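Each chain, written out:
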Amino acid sequence: MHPNTRLSSRAWRVLRWAGLAAGAAALWACTSRTLEAPTVVPVGETTQTITQKVNNNLDLLFMVDNSTSMDPMQQKLLTQLPNLMKALEGLPMKPNLHVAVVSSDMGAPSDTEIGCTPTGDQGKFQYQPQPGCTATTITQGDTYISDVDGVANFTDPIANVFQCIALLGSAGCGFEHQLASIDRALGADGNGPPPSTNTGFLRDDASLGIVMLTNEDDCSAPTGTTIFSLNGGLENASNSDGPIQNYRCNGGHRGGHLCKDSNPGSQSTDLTTPPVLPPPDATGGTPAVQLSDCEDNDSGSSALIPVSKFVEDIKQLKADPDGQIFIGAIIAPASPYGVEWDPPMKFAQNPQPGELWPAIQHSCGPQNATLPMTNPNATQMPTDGSFGDPGVREFAFATAFHNSVVGSICDPDYAESMTEIAHKLKVLLTPPCIIEKVQNDAQQNPDCSVTENLTDKQGGSTHLAIPNCKENGNVAPCWNMVPGDPTMGCSGQTIQVNDTAANMTANSENTTVQCTICLPGVPGPGC
């Protein structure tokens, strides 16, 4: 190879356009050329491999927090759901959709009354009509929305059906297991999805979208945990785990957060221990400590399941997690992070006279009547009753994925967040972008080799070299290189494949594309 020649490889995806049936979101890997190399002057050569999936499948799971105080936030979500569905249905090729809803309620086993059942909903899809809706119109016996190849299992507009099942109310467990519910719903925990409701939702060749709506941080604990129990102590601040309230999920000696003390003059500069709460001040309500750089407590001291476990579980569902998985999180900002002392919550049993409890301040939202906390550093102060406590673990989960959007639960509406979520989902289902300038071959067409690697349902493989459509009279299967879509961030070009009906019935498809690219200062045909 000429000394000025360089090898360029990068990740990109391919989508079958209108009239085709395969779309892709997948990883490109550097491989050897499968067709004879053209005779050209020294240039750069780029080889990519894409994993395509038949029928442009998208499995979309919504996790909706159904704990106390979530009503105003759920209403804002419902307002924006039609816009999300409209955006997906407006794609050049309409995706084959599965859409399901789960709650945050996985229960919280306890040796005292805490307002939770031991097991909760266990990640089962919520598909019954919610208040304000009389019928979902989903086919009887089905537990999620399906619209595949023009065949829908519902009769009302899809946005209305989605709204009908997504308003879960606020009667769920207050110790939310948002990440565990997602894990269980998809069978990512290794136990398979709940067979009575969730079977058939997750498709091997589909892109996976997960959207969370919640105003408190994840408190997912393993089976048999004692973090929600008195454990022989009193239900007050003298208990070794502290009073039974959400602070147990965050701070305390078994909490889920590790933070730095950001108070002036503090000597604490590491993340090796959970936050230490100073004694209450004389007013009993003024913020006692401000913390910073909070992250998931995966040091081994936490009673909660590490976020990294959930990330690993979900990524293992797909061969190409970077190209096939999207996470949308409408949560409370992870900062500011304040801790204060407050009077016991209304459901407290046997509090001591004058006792104050440690509590995490809202990172967004106004003062709350049930748990009167005020945070002058809060990022937003909505007027509709929305509030949220720092979503440290949820932020870590969402941003661990290549494709993610994080929005605020306290936004006046979720239009901006849902627009960005729709855009990211479109990216999963959009043609890849080729930025490099591609050389021409002898016929003055892009000098690329395209090979389809088809796999049938029995596991048999077929490898088929595809010609350029301009060279074979546009006889399928063939390919064209066309301008990219600037609205989707592609200022280059992309591959469009005209396929046969037989190829479109394949169970899965891996397409190898190799193009000879131009290099600055190096002459070549078309450069």
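Below, the structure is looked at part by part. For clarity, every value in this text was computed on a predicted model and none was experimentally measured.

### Remarks on the nonpolar core
Stage number 1. Core analysis: the biggest nonpolar cluster contains 43 residues, and Phe62 and Phe162 have the highest contact counts within it.
Stage number 2. If you list the elements that add at least two residues to this core, you get strand E3 (57–64), helix H1 (71–89), strand E4 (96–103), helix H2 (158–166), strand E7 (207–213), strand E10 (325–331) and helix H8 (415–428).
Stage number 3. At eight residues, H1 tops the list of elements feeding residues into this core.
Stage number 4. Setting aside its immediate chain neighbours within four residues, Phe62 contacts Leu77, Leu81, Leu84, Ala100, Val101, Val102, Phe162, Val211 and Met418.
Stage number 5. In terms of nonpolar packing, the next biggest core, distinct from the first, is built from 29 residues, Phe201, Leu208, Phe397 and Ala398 among them.

### Examining H8
Stage number 1. In a regular helix each residue adds 1.5 Å, so 14 residues correspond to 20 Å; H8 covers 20 Å between its end C-alpha atoms and thus fits that length.
Stage number 2. For H8, the set of buried residues is Ser417, Met418, Ile421, Ala422, Leu425, Val427 and Leu428.

### Some points on the packing of aromatic side chains
Stage number 1. Under the defined criterion, the tally for this structure stands at six aromatic pairs.
Stage number 2. Look at Phe175 and Phe228: their rings are 5.0 Å apart centre to centre, the planes differ by 50°, and that puts the pair in the tilted class. Taken together, the residues span a long stretch of sequence, with Phe175 in the loop between H2 and helix H3 (178–185) and Phe228 in the loop between E7 and helix H4 (247–250) at a distance of 53 residues. The same class applies to Phe175 as to Phe228, namely buried.
Stage number 3. Three or more aromatic residues joined by ring pairs make a cluster, and in this case those are Phe125, Tyr144 and Phe201.
Stage number 4. Across the ring face of Phe401, the terminal group of Lys315 is positioned such that the distance to the ring centre comes to 5.4 Å.

### With respect to the state of the cysteines
Stage number 1. Summed over all chains, the structure comprises eight disulfides.
Stage number 2. There is a disulfide in this structure between Cys133 and Cys164, and the S-S distance comes to 1.8 Å. Classification of the bridge connecting Cys133 and Cys164 rests on its S-S torsion, roughly -90°, and on that basis the disulfide is left-handed. One end of the pair, Cys133, is in the loop between E4 and strand E5 (145–148); the other, Cys164, is in helix H2, and 31 residues separate them in sequence.

Conventions we followed
- Residues numbered from 1 in each chain as written.
- Predicted model: local features only at pLDDT ≥ 70, side-chain atom pairs only at ≥ 80, totals over all residues.
- Heavy atoms only, no water.
- Core = buried A, V, L, I, M, F, W, Y, C linked by side-chain atoms within 4.5 Å.
- Buried < 20%, exposed > 50% of the residue type's maximum accessible area, 1.4 Å probe, protein only.
- Helix = DSSP H or I, 4+ residues; strand = E, 2+ residues; numbered from the N terminus.
- Contact = heavy atoms within 4.5 Å.
- Expected span 1.5 Å × (residues − 1).
- Phe/Tyr/Trp six-rings, centres within 6.5 Å; stacked < 30°, edge-to-face > 60°.
- Lys NZ or Arg CZ within 6 Å of the ring centre and 35° of its normal.
- Disulfide = S-S within 2.5 Å.

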